[in-house]
Amino acid sequence: MIFRIDRLQAEMPPPSTPDPAGAAIVQELLGGKFGEMSTFMNYTFQSFNFRARQGARPFFDLVSNIAAEEFGHIELVSTAINTMLTGAGEAGNLPDPKDAMNPQHFAAGGAGTLVQDSNGKPWNGDYVTSTGDLIEDLTHNFFLETGARNGKLKVYEMVDHPAARALTGYLLVRGGVHQVAYARAIELLTGADLMKMFPSPRIPTDKIPECQPHIQRGEHTKLYRFSPNDYHELAAVFTGPHPETGDPLQVIDHPPEGFPAFDLPAQEGVFAPGYEPEEIAEIARKLREKAGLSDEPTGEVANNGNGVVGKIKDAVS
Ligand code: MN
Ligand code: MN
């Protein structure tokens with residue numbers, strides 16, 4: 001089962017200028033063959049299908065645990081897309097067809113992420129490789145992380161919206177950790193060092209400004225354990241020096257602390273969350289009162305109560 005925390009793995013910026021064309025390109029990182037839906041579903045089904053797992057526990061733990069991190073990456077990509085679409089779904093101000101590379105963001109959705117790639121093609125289960133052969137699956141995972149980072153760098157270069165840059169800066173660093181983790185697993189099982197045999201893609205994260213805060217915090221060397229009690233044996237695989245920097249690889253015994261998400265404003269032009277959001281808010285307030293909950297909503301959001309989203313809404317409409 002999965003345990004959910006209402007925080008993002010990385011800090012994301014508030015909405016600014018809407019960028020529906022950029023958002024359509026970022027969709028590749030969500031529902032493309034090498035996107036986060038694919039990494040999540042590949043590792044998830046490999047873990048579900050894992051036979052004789054007790055005998056191979058460090059490898060089972062590694063794949064299962066990275067799957068959990070990938071769930072949070074899908075959430076982060078969606079957050080970036082939704083942030084970029086904010087302001088483009090306002091009543092009376094829907095984007096011109098020429099600005100909406102994926103019209104379904106508005107015509108079929110509420111200025112929200114779709115489970116599609118950058119061409120609007122739906123993600124599909126054929127992108128999952130789960131052969132049952134551990135070495136084959138781990139080799140596939142190394143290749144998948146390589147392709148995923150390759151795609152992230154191209155999206156980084158094509159889209160300069162702050163949300164896209166914050167996203168790709170973080171994911172390039174985390175994808176590097178997963179590449180190293182799968183390479184270590186294969187090396188420990190077979191003796192073949194993939195990082196030496198196939199040094200690809202050559203991504204200069206040390207030269208990408210949006211990667212620096214994460215590298216300075218050592219995010220390129222850390223694998224987080226996403227469970228209160230389980231998956232301890234990943235530490236038996238994720239060990240030794242980082243193949244590029246020489247820094248020691250480390251397992252952090254808990255999930256990242258994370259950051260609250262911005263509560264993105266209603267987009268009344270596309271009925272999100274409804275034609276009259278105030279009505280829903282009033283019903284919710286009454287239900288909270290009846291349930292004996294606090295008068296104010298309890299969830300944590302990044303909007304700090306001084307009307308950040310309200311100001312953004314004014315600025316973009
Ligand atoms: Mn990922
Ligand atoms: Mn990954």
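Residues numbered from 1 in each chain as written. Chains lettered and ligands numbered in written order. Predicted model: local features only at pLDDT ≥ 70, side-chain atom pairs only at ≥ 80, totals over all residues.

Overview of the overall build of the protein chain
What the protein chain contains, in helices and strands, is ten helices and two strands. Overall, the protein chain shows an N-to-C arrangement of helices and strands of α-α-α-α-α-α-α-α-β-β-α-α. Against the 2.2 N^0.38 benchmark of 20 Å for 317 residues, the protein chain shows a C-alpha radius of gyration of 21 Å, consistent with a compact globule. Seen along its three principal axes, the alpha-carbon backbone of the protein chain occupies a region of about 60 × 50 × 35 Å. Residue burial in the protein chain is summarised as follows: out of 317 residues, 43% are buried. (Helix = DSSP H or I, 4+ residues; strand = E, 2+ residues; numbered from the N terminus. Rg over C-alpha atoms; globule rule 2.2 N^0.38 Å. Buried ≥ 20, exposed ≤ 12 C-beta atoms within 10 Å, placed from the backbone.)

Some words on the nonpolar core
V26, L62, V77, A80, L167 and A181 are the most contacted members of the largest nonpolar core, which totals 67 residues. When residues of this core are traced back to their parent elements, those giving at least two are α1 (20–31), α2 (36–48), α3 (57–85), α5 (134–158), α6 (162–190) and β1 (222–224). With 15 residues, the top contributor of residues to this core is α6. Contact partners of V77, with chain neighbours within four places excluded, come to V26, L29, L30, E36 and L167. (Core = buried A, V, L, I, M, F, W, Y, C linked by C-beta atoms within 7 Å. Contact = placed C-beta atoms within 7 Å.)

Some points on unusual backbone geometry
A cis amide bond, omega 5 degrees, links A272 with the succeeding residue P273. A positive phi is found at A52, a non-glycine position, where the angle reads about 50 degrees. In this fold, A52 is placed in the loop between α2 and α3. With a phi angle near 55 degrees, A111 is a residue other than glycine that sits in the positive phi range. Mapped onto the fold, A111 is located in the loop between α4 (104–107) and α5.

Observations regarding the environment of T131
For T131, the location among the structural elements is in the loop between α4 and α5. T131 gets classed as exposed once you count the C-beta atoms within 10 Å, which come to 12. For the pair T131 and Q46, spaced 85 residues apart in sequence, the C-alpha separation works out to 7.9 Å. Setting aside residues up to four positions removed in sequence, T131 forms contacts with E136 and D137.

Considerations on the packing of α5 against α6
Contact geometry for α5 and α6: axes closest at 9 Å, N-to-C directions at 160 degrees. Classified by the interaxial angle, the pair formed by α5 and α6 is roughly antiparallel. In the packing of α5 onto α6, the handedness of the crossing is left-handed. Its residues assigned to classes, the contact of α5 with α6 shows 15 nonpolar, nine polar and four charged. (Axes fitted to C-alpha atoms, helices over the stretch in contact; angles between N-to-C directions. Parallel < 35°, antiparallel > 145°, perpendicular 65-115°, else oblique. Left-handed = near helix turned anticlockwise from the far one by under 90°. Nonpolar A, V, L, I, M, F, W, Y, C, P; charged D, E, K, R; others polar.)

Digging into the environment of G169
Along the polypeptide, G169 turns up in helix α6. Considered as a pair, G169 and E210 are 41 residues apart in the sequence and their alpha carbons are 4.6 Å apart. In this structure, G169 is in contact with I208, E210, C211 and H214, ignoring residues within four places of it in sequence.

Here we look at the environment of P277
Among the structural elements, P277 can be located in helix α9 (residues 277–290). For P277, a count of 15 C-beta atoms within 10 Å corresponds to the partly exposed category. Here P277 is in contact with A266 and E268, once residues within four sequence places are set aside.

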